[in-house]
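# Residue-level structural notes
Chain by chain, the residues run as shown.
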Amino acid sequence: GESVGLHLPTLSVQEGDNSIINCAYSNSASDYFIWYKQESGKGPQFIIDIRSNMDKRQGQRVTVLLNKTVKHLSLQIAATQPGDSAVYFCAERRQGYSTLTFGKGTMLLVSP
Amino acid sequence: NAGVTQTPKFRVLKTGQSMTLLCAQDMNHEYMYWYRQDPGMGLRLIHYSVGEGTTAKGEVPDGYNVSRLKKQNFLLGLESAAPSQTSVYFCASARLQGSQETQYFGPGTRLLVL
């Protein structure tokens, strides 16, 4: 299987719990943020994004919170399911640039 | 609509050999990217392109070259492979929408250099 999860922070939760995955970003000039999910052996999959003029955005079972004061991003997953087990990456885009900078990822393990 | 596809899926090379990784997207996206992913390192940008005929260096460009001769294709070349280039390579594409740029990824190419 994939070894991308080696040395990653890991969050272990029970099925049905709510999960919160945190990310500290580096650049105060970043204006766009994305969360990706990567399952073993697959490419990253878009989950949700948020612009810097917002502090909260909700999707289906997921919520992203942005705190620009402390440069912190979080992903909340409601009623976590075993299928949510994956590595989650946050990414930021600096204003005026066309590239993303990715965090190192957090592994989420969901037990039945 | 296949999205982003990558070929090959897996390859083994000997040190010094060359190869080309192909990325194709059918979403008419302007932007395309090549990343490498190593354990504990996240995704690091190798090269990218903001349009047909244009390329630019990313964070870790050394040892790689790219070409974007057609809008839908982005090629990544290794002229003389080294063991340090053993990695999983991901291609992504994006269509800039206002100030947003959601990148969509391919399934990856696993490269082992002996």
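These lines cover the structure that appears in this document, whether it is placed above or below. (Residues numbered from 1 in each chain as written. Chains lettered and ligands numbered in written order. Predicted model: local features only at pLDDT ≥ 70, side-chain atom pairs only at ≥ 80, totals over all residues. Heavy atoms only, no water.)

## Brief notes about the pattern of salt bridges
Residue and element names in this part refer to chain B. Scanning the entire structure with this criterion turns up seven salt bridges over all chains. In this structure, D38 engages R44 in a salt bridge whose closest nitrogen and oxygen atoms are separated by 2.8 Å. For the pair formed by D38 and R44, the shared burial category is buried. Within the structure, one salt-bridge network assembled from shared partners comprises R36, D38 and R44. (Salt bridge = Lys/Arg side-chain N within 4 Å of Asp/Glu carboxyl O. Buried < 20%, exposed > 50% of the residue type's maximum accessible area, 1.4 Å probe, protein only.)

## Some points on the side chain of T102 of chain B
Here T102 of chain B shows up in the loop between strand 9 (87-94) and strand 10 (103-105). Side chain to side chain, T102 of chain B and D49 of chain A meet in a polar contact 3.4 Å long. Not counting chain neighbours up to four residues away, the residues in contact with T102 of chain B comprise Y32, I34, Y36, F46 and D49 of chain A together with S93, A94 and R95 of chain B. (Helix = DSSP H or I, 4+ residues; strand = E, 2+ residues; numbered from the N terminus. Polar contact = N/O pair within 3.5 Å; in protein donor to acceptor, adjacent residues only side chain to side chain. Contact = heavy atoms within 4.5 Å.)

## Side note on the packing of aromatic side chains
Per the counting criterion, the structure on display carries eleven aromatic pairs over all chains. Aromatic side chains F102 of chain A and Y35 of chain B sit 5.4 Å apart centroid to centroid with 85° between the ring planes, which places their arrangement in the edge-to-face category. In this pair, F102 of chain A sits in strand 9 (residues 101-102) while Y35 of chain B sits in strand 4 (residues 31-38), so the two residues belong to two different chains. Each member of the pair, F102 of chain A as well as Y35 of chain B, is classed as buried. Ring pairing ties together the aromatic residues Y36, F46 and F102 of chain A together with Y33, Y35, Y48, Y104 and F105 of chain B, which thus form one cluster. (Phe/Tyr/Trp six-rings, centres within 6.5 Å; stacked < 30°, edge-to-face > 60°.)

Keep in mind these values describe shape, not function.
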